Amino acid sequence: MSETYITCPYNPSHQILPHRYAVHITKCAVQHPDIKLLICPFNSKHRLREEEMAKHKIECPDRVTFEKKMNPIDVGASRHDDFASRSRSRSRSPLNKDSDEDNWDDEVGSKPSFHAENTKLGGLRKKN
């Protein structure tokens, strides 16, 4: 069975199995502090020299996946406009208006009163 190996960016003599690559480059980066490689913003397994990074950011195969995760809705602006219009209409709804016409005390009729005689503790006292 032939497996594909990935070449370590810190030491080309290192050939790593794909499932071990992330662990390897983390350890190798510590062992080679003199080699300054930048980490791709779209995939932390991508390590490149500073002069290669600008081109890589444009061509990175993981860029699309990253952008879909960050912007899950393809329609973008129309969804945003819909949200903005709902927010505006909600602020004008009758439930949110400040008005003197609503007086909840008038709707109840009388305020409920609670006395100790109506509770279990009140029942322990001797009534006259």
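Please read these numbers as outputs of a predicted model, since none were measured by experiment.

Draft legend 1. Spatial organisation of the pattern of salt bridges. Taken as a whole and assessed by the stated rule, the structure comprises two salt bridges. As a salt-bridge pair, Glu52 and Arg49 come within 3.4 Å of each other at their nearest N and O atoms. Here Glu67 ties to Arg63 by a salt bridge, and the two come within 2.9 Å at their closest N and O atoms. One end of the pair is Glu67 and the other is Arg63, both in helix H3 (residues 63-70) and four residues apart, which spans about a single turn. The exposure class assigned to Glu67 is partly exposed, which follows from its relative accessible area of 35%.

Draft legend 2. Broad picture of the nonpolar core. With seven residues, the main nonpolar core is built from Cys8, Tyr10, Ile16, Tyr21, Ile25, Cys28 and Leu37. Here this core gets three residues from one element, more than from any other, and that element is helix H1 (residues 21-31). Apart from the residues lying within four places of it in its own chain, the contact partners of Cys8 are His14, Ile16, His24 and Cys28.

Draft legend 3. Local environment of the packing of aromatic side chains. Summed over all chains, the structure comprises one aromatic pair. Ring geometry for Phe42 versus Phe66: centroids 5.2 Å apart, planes at 65°, classification edge-to-face. Of this pair, Phe42 sits in the loop between strand E3 (38-39) and strand E4 (47-48) while Phe66 sits in helix H3, and the two are 24 residues apart along the sequence. Note on Phe66: relative accessible area 34%, which makes it partly exposed.

Draft legend 4. How the structure looks around the state of the cysteines. Following the criterion strictly, the structure yields zero disulfides and no others. Counting only cysteine sulfurs, Cys40 is the nearest neighbor of Cys60, a cysteine outside any disulfide, at a range of 3.8 Å. For Cys60, a relative accessible area of 5% corresponds to the buried category.

Draft legend 5. Highlighting the confidence of the model for the chain. When pLDDT is averaged along the chain, the result is 76, and 55% of the positions lie at 70 or above. Taken element by element, the predicted model of the chain shows its lowest mean pLDDT in helix H4 (residues 77-91) (51) and its highest in strand E2 (residues 15-16) (96). Note on residues 75-79: pLDDT is under 50 here. Beyond four places in sequence and across chains, it has two contacts.

What counts and how
- Residues numbered from 1 in each chain as written.
- Predicted model: local features only at pLDDT ≥ 70, side-chain atom pairs only at ≥ 80, totals over all residues.
- Heavy atoms only, no water.
- Salt bridge = Lys/Arg side-chain N within 4 Å of Asp/Glu carboxyl O.
- Helix = DSSP H or I, 4+ residues; strand = E, 2+ residues; numbered from the N terminus.
- Buried < 20%, exposed > 50% of the residue type's maximum accessible area, 1.4 Å probe, protein only.
- Core = buried A, V, L, I, M, F, W, Y, C linked by side-chain atoms within 4.5 Å.
- Contact = heavy atoms within 4.5 Å.
- Phe/Tyr/Trp six-rings, centres within 6.5 Å; stacked < 30°, edge-to-face > 60°.
- Disulfide = S-S within 2.5 Å.
- pLDDT = per-residue confidence, 0-100.

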